[in-house]
Each structure stands twice: as C-alpha cells, then as structure tokens.
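# Residue-level structural notes
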Amino acid sequence: MDLTYTEEEEDFRRRLRAWLGGALPKLPPRPDPHDWPGRRAYDLGWQRALYDAGYAGLHWPRDAGGRGATPTQHLIFLEETERAGAPYVGANFVGLLHAGPTIAAEGTPEQRRRWLPPILRGEEVWCQGFSEPEAGSDLAALRTRAVRDGDCYVVSGSKLWTSHAEVADWCELLVRTDPEAPRHRGISWLAMPMDAPGVTVRPLRTLAGSTEFAEVFLDEVRVPVSYRIGAEHDGWRVTMVTLSFERGTAFVGEVVACRRVLGELARTARRNGRWDDPVLRRRLGRLAAEFTALWRLTQWNVSEAQHRPGSADGARAAAGGSGRAPGAGVRQGASGAGAGAGVPGVGGSFFKLRYSHARQELYDAAADVLGAADALDADREWVADRLSSLSYTIAAGTSQIQRNIVAERILGLPKGR
C-alpha cells in the first residue's frame with residue numbers, strides 16, 4: 001500500500017490550486033439559503049465552470065463524459081476544493097452522485113448520451129423519488145404504481161422526502177410495475193421528467209427551516225418506457241446500485257470538510273478558554289483520529305485500486321468501494337463517483353455508519369466549544385450543520401440498516417428474524 005503522492009499527482013494539485021485561486025474570486029455572492037432558484041443557478045454556474053475547466057466528472061470514464069482521471073487525482077480534487085472553500089455540489093447532488101453514476105453503470109448508450117452530459121455541464125437537476133409515507137427504511141414496501149400502456153408507464157402514487165424536487169428537471173423514481181410479485185421484485189427504476197402533467201410538488205420544512213425536501217404527488221403521470229433504467233421489474237437490483245453510490249461514495253468528501261471544521265473548533269477553543277478543559281481536548285483529539293482514519297481508509301482503497309488494474313475488485317474500488325471500504329465525494333463541486341467504472345461494495349455501509357455518528361459527535365462538540373449563548377449567535381451555517389447532522393443516522397438508510405448489512409454481508413452473520 002502506497003499513500004504517498006507521485007510528482008505527477010503533485011503537479012495536478014498545483015495546477016488545480018492555481019485554477020481555484022483564479023476562479024473562486026470571480027464567483028457571485030452566495031444566494032440566500034432559502035432562495036432555491038437562486039441556489040440552483042449558483043450551483044449550476046459553478047458546475048459549468050468546472051466543466052469548462054475540465055474538472056467536471058473528473059473521475060468519470062471518458063465514455064460517460066468524464067476525464068477518466070485516477071482515483072487519487074479525484075481525492076486531491078476533493079482536498080483542494082474543500083480547503084479553498086469552493087462551493088458545495090449543491091442542488092444537483094442527486095444527479096451528480098446518485099442518478100448519474102447509476103445511469104452510467106446501468107443505462108443504455110442512448111440513455112447515457114441523453115442524461116450524463118447535461119448533468120456534467122450543469123444544465124439539468126435531478127431529485128430522488130424513493131421514500132414514501134409508508135416506505136422509508138423499508139423501501140421494498142413502496143406502493144407507487146406504474147401500469148404499462150403501450151410505450152408509456154402511467155404512474156400514480158406519492159413520494160416523501162424528495163430531495164430538491166422544488167428545482168429539479170428529472171426524478172430518479174422507484175415504482176411498482178408488478179403488484180403481484182414478491183416485495184423485492186416487480187419494481188422498476190424510471191427517469192421521470194418533473195414537468196410532466198400530473199406531477200405536484202409540495203415543499204416540506206425541516207427542523208433547520210429549509211425546504212430542500214418535498215412531497216411529490218403523481219396522478220397518472222405518463223413516463224416513456226424508454227426512460228426505464230434496467231429491465232422491467234429489475235428495479236430493486238438497480239436501486240441497490242444507486243444506494244451503493246449513495247452510501248459508499250456520497251459522503252467521503254464531507255470527511256475533508258469535517259476535518260476543516262474540527263480545526264476551526266480547536267482554534268475557537270483556544271480563543272475562548274475552552275481549550276483548558278482536558279476532557280474537551282481528548283474529545284477533539286479522538287474526533288481528529290476518527291476523521292483521519294476515515295480519510296486514510298479512502299486512500300487505502302484508492303491505492304489498492306490503482307495497484308490492481310483490471311481486477312474486478314480494482315474496478316469497484318476505483319468506483320468508490322472494494323467491498324471493504326468506500327470511495328469518494330459529495331462536498332464541493334464534485335461530480336459523482338466512479339460513474340461507469342463499477343459499483344461500490346457493501347463496505348460503503350460500514351463507512352456510512354461510522355461517518356454518520358462521527359459527524360453527529362463533531363457538532364455535539366461544536367455546541368460544547370461554542371456554548372449555548374455563542375451557539376445562538378453563531379454563523380447560520382454552523383447552526384444549520386448542527387441541526388442537519390441529526391439526520392445523518394437516518395438519511396441514505398438508517399444506522400440500524402447499515403449494521404444489518406455489515407453483519408450479514410461483511411461478517412457473514414445469520415440474518416435477523
């Protein structure tokens with residue numbers, strides 16, 4: 001295992017750092033957090049800047065519209081963009097991190113040509129239509145129906161917690177195409193245009209006061225059969241591909257951000273006198289070790305991928321997971337992870353489980369460092385991150401589900417009753 005960088009990789013870092021130094025000062029002011037049309041325009045503008053500079057889809061294969069860069073170069077990209085304070089991937093995280101990689105892995109050549117370039121160019125936004133009022137963690141209980149009618153499916157039902165539906169052009173949608181089949185069968189994965197007749201979006205307000213989630217009601221929405229990804233009734237398998245990207249590749253970039261936040265907390269503690277508390281110092285030290293370990297795990301995975309070219313495990317690792325460790329990227333303007341190169345392994349569940357709890361612990365520590373009064377007066381982003389951290393043990397599959405996956409698929413333990 002080699003965790004050092006080559007001269008070529010360091011040259012890539014220098015060129016990226018120089019480009020960021022010139023590009024970031026030219027960005028317009030960030031829009032108000034509640035101005036979703038403004039945030040969409042801002043996020044897609046940054047994505048277009050990445051595309052024009054050759055950094056969009058950096059590690060996506062060339063036939064998926066990317067640059068085919070090495071996994072190590074992608075990790076360098078994540079490090080440098082976060083350190084420079086580059087914009088978050090933002091309103092199109094579903095397209096860049098979930099739908100795009102899934103289409104690259106499972107779509108036909110025509111589907112890849114239709115949907116992947118607009119995602120990378122910052123032209124189209126996707127949302128996720130998976131959860132339902134009675135099908136959250138138990139996703140196989142979904143009831144939204146799609147009835148075949150010639151060359152279209154007629155879709156009726158509702159979705160809940162639909163991320164960024166308020167500004168989306170497309171939805172990665174799970175539907176039941178065979179109601180008589182067993183729960184995990186008879187499901188299909190569709191790309192649904194959000195402007196289709198019969199689609200109604202109702203925003204939901206979160207604990208943090210934001211509305212990035214919505215209820216979506218579908219009343220006989222017609223979706224072309226050609227918009228189905230994978231075979232009819234094979235949507236559960238395709239969904240596992242999507243969830244593998246979501247759990248295995250959609251959080252690693254945030255580790256870089258958390259390490260930055262941890263450094264800011266240590267500096268704040270020194271300024272306000274909290275650093276004198278040995279319990280707090282031990283707490284921050286343990287978190288530093290936790291996030292360093294998560295990042296090193298990612299580097300190990302990348303090193304393994306690059307030193308085993310052509311192997312099945314190497315392809316999975318290049319995509320973000322080797323079956324033991326996850327891969328890369330959500331924070332900054334990153335574009336997906338491993339699109340077309342392979343699908344992350346179940347090790348993504350281990351990473352997601354540990355990261356979710358570490359993030360919650362980090363913002364618990366932040367509240368301790370800031371104190372109740374200072375926390376109320378803190379920057380709005382700190383408050384929003386503190387509140388959003390509460391959702392991480394639920395989002396992308398609850399921690400209980402991740403533990404079951406780790407127990408059954410990694411440790412080989414028998415399934416629970």
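Shown above is the structure to which this text applies.
What comes next concerns the included structure. (Residues numbered from 1 in each chain as written. Predicted model: local features only at pLDDT ≥ 70, side-chain atom pairs only at ≥ 80, totals over all residues. Heavy atoms only, no water.)

## Describing the packing of helix H1 (residues 7-23) against helix H2 (residues 36-53)
This is how it is decided: With axes taken as lines fitted to C-alpha atoms, and helix axes fitted only over the stretch in contact, angles between N-to-C directions fall between 0 and 180 degrees. Each helix is a run of DSSP H or I of at least 4 residues and each strand a run of E of at least 2, with the numbering of both proceeding from the N terminus. Oblique is the label for any angle not under 35 degrees, not over 145, and not in the 65 to 115 range, which are roughly parallel, roughly antiparallel and roughly perpendicular in turn. Each helix crossing is assigned a hand: it is left-handed if the near helix lies turned anticlockwise from the far helix by less than a right angle, otherwise right-handed if that turn is clockwise. Contact between two residues is taken to exist if any of their heavy atoms lie within 4.5 Å; hydrogens are not considered. In this count, Pro and Cys sit with the nonpolar residues alongside Ala, Val, Leu, Ile, Met, Phe, Trp and Tyr, while Asp, Glu, Lys and Arg are called charged and the others, Gly among them, polar.
Where H1 meets H2, the closest approach of the two axes is 12 Å, and the angle between their N-to-C directions is 135°. With respect to H2, the element H1 is oriented oblique. The crossing of H1 and H2 is right-handed. Contacts between H1 and H2 involve Trp19, Leu20 and Ala23 from the former and Trp46, Ala49, Leu50 and Ala53 from the latter. The residue inventory of the contact of H1 with H2, partitioned by class, reads 7 nonpolar, no polar and no charged.

## Some thoughts on the side chain of arginine 112
Quick note on the threshold: Pairs of N or O atoms are called polar contacts if they sit within 3.5 Å, as long as, within protein, a hydrogen donor faces a hydrogen acceptor (for residues adjacent in sequence, only side-chain-to-side-chain pairs).
One can find arginine 112 in helix H5 (residues 109-121). Within the structure, the side chain of arginine 112 is placed 3.0 Å from the side chain of aspartate 63, a separation counted as a polar contact.

## Points about unusual backbone geometry
As a reminder, the rule being used: Relative accessible area decides the class of each residue, using a 1.4 Å probe on protein chains only: under 20% of the type maximum gives buried, over 50% gives exposed, and in between gives partly exposed.
Despite not being glycine, glutamate 220 shows a phi value in the positive range, around 50°. The topology assignment puts glutamate 220 in strand E7 (residues 213-224). Given the relative accessible area of 55%, glutamate 220 is considered exposed.

## Regarding the packing of aromatic side chains
Keep this limit in mind: Pairing of aromatic side chains here covers Phe, Tyr and the six-membered ring of Trp, requires ring centres within 6.5 Å, and sorts the geometry by plane angle: under 30 degrees stacked, over 60 edge-to-face, intermediate tilted.
In the structure shown here, the tally under the stated rule is 10 aromatic pairs. Where tryptophan 19 meets tryptophan 46, the ring centres are 5.6 Å apart and the plane angle is 35°; that geometry is what we call tilted. Taken together, the positions of tryptophan 19 in helix H1 and tryptophan 46 in helix H2 put the pair 27 residues apart, joining distant regions of the chain. By relative accessible area, which is 22% here, tryptophan 19 ends up partly exposed. Residue tryptophan 46 is classed as buried on the basis of its relative accessible area of 3%. Ring centres of tryptophan 115 and tryptophan 170 lie 5.4 Å apart, and the angle between their planes is 80°; this geometry places the pair in the edge-to-face category.

## What about the nonpolar core?
A general trend in soluble globular proteins is that nonpolar side chains are found buried together. Cut-off, in case you're wondering: Among buried residues, those of type Ala, Val, Leu, Ile, Met, Phe, Trp, Tyr and Cys that are joined through side-chain atoms within 4.5 Å constitute a nonpolar core.
Among the nonpolar cores identified, the biggest contains 37 residues, and Phe291 and Leu362 are the most heavily contacted of them. Among the elements of the structure, H1, H2, helix H3 (71-83), helix H7 (252-272), helix H8 (278-307) and helix H10 (347-377) are those that each provide at least two residues to this core. It is H10 that provides the largest number of residues to this core, a total of 8 residues. Every residue in contact with phenylalanine 291, bar those within four places of it in the chain, is listed here: Val255, Cys258, Arg259, Tyr355, Ala358, Arg359 and Leu362. Listed in part, the 29 residues of the second largest apolar core include Leu97, Ile103, Trp189 and Val238.

## With respect to the environment of threonine 72
Tracing the sequence through the fold places threonine 72 in helix H3. Judged by relative accessible area, which is 11%, threonine 72 ranks as buried. Taking the C-alpha atoms as reference points, threonine 72 and glutamate 9, 63 residues apart in sequence, are found 7.7 Å from one another.

## Comments concerning the pairing of E7
For the record, the criterion: Between any two strands, at least two bridges found by DSSP are needed for them to pair.
Of the pairings in the sheet, the one linking strand E3 (residues 152-159) to E7 comprises 7 bridges and is antiparallel in character. When the sheet's bridge partners are listed, tyrosine 153 is paired in E7 with valine 223.

## Focus on the pattern of salt bridges
Condition: Here a salt bridge means any side-chain nitrogen of Lys or Arg lying within 4 Å of a carboxyl oxygen belonging to Asp or Glu.
With the rule as written, the count across this model stands at 28 salt bridges. Across the pair arginine 83 and glutamate 80 runs a salt bridge whose closest N-O atoms are separated by 3.6 Å. With arginine 83 and glutamate 80 both in helix H3, this residue pair falls 3 residues apart, about one helical turn. Accessibility expressed as a relative area gives 55% for arginine 83, which makes it exposed.

## Re helix H4 (residues 93-106)
To keep it simple, the criterion reads: Each residue after the first adds 1.5 Å to the expected span of a helix.
In this model H4 runs 19 Å from its N-terminal to its C-terminal C-alpha over 14 residues, within 8% of the 20 Å that 1.5 Å per residue would give. The buried fraction of H4 amounts to 12 of the 14 residues, a majority that puts the element mostly inside the structure.

## Here's the deal with the packing of H2 against H5
Contact geometry for H2 and H5: axes closest at 7 Å, N-to-C directions at 105°. Here H2 is positioned roughly perpendicular relative to H5, judged by the angle of their axes. In this structure, H2 contributes Gln47, Arg48 and Tyr51 to the contact, and H5 contributes Ile119, Leu120 and Arg121. For the contact of H2 with H5, the per-class residue count stands at 3 nonpolar, 1 polar and 2 charged.

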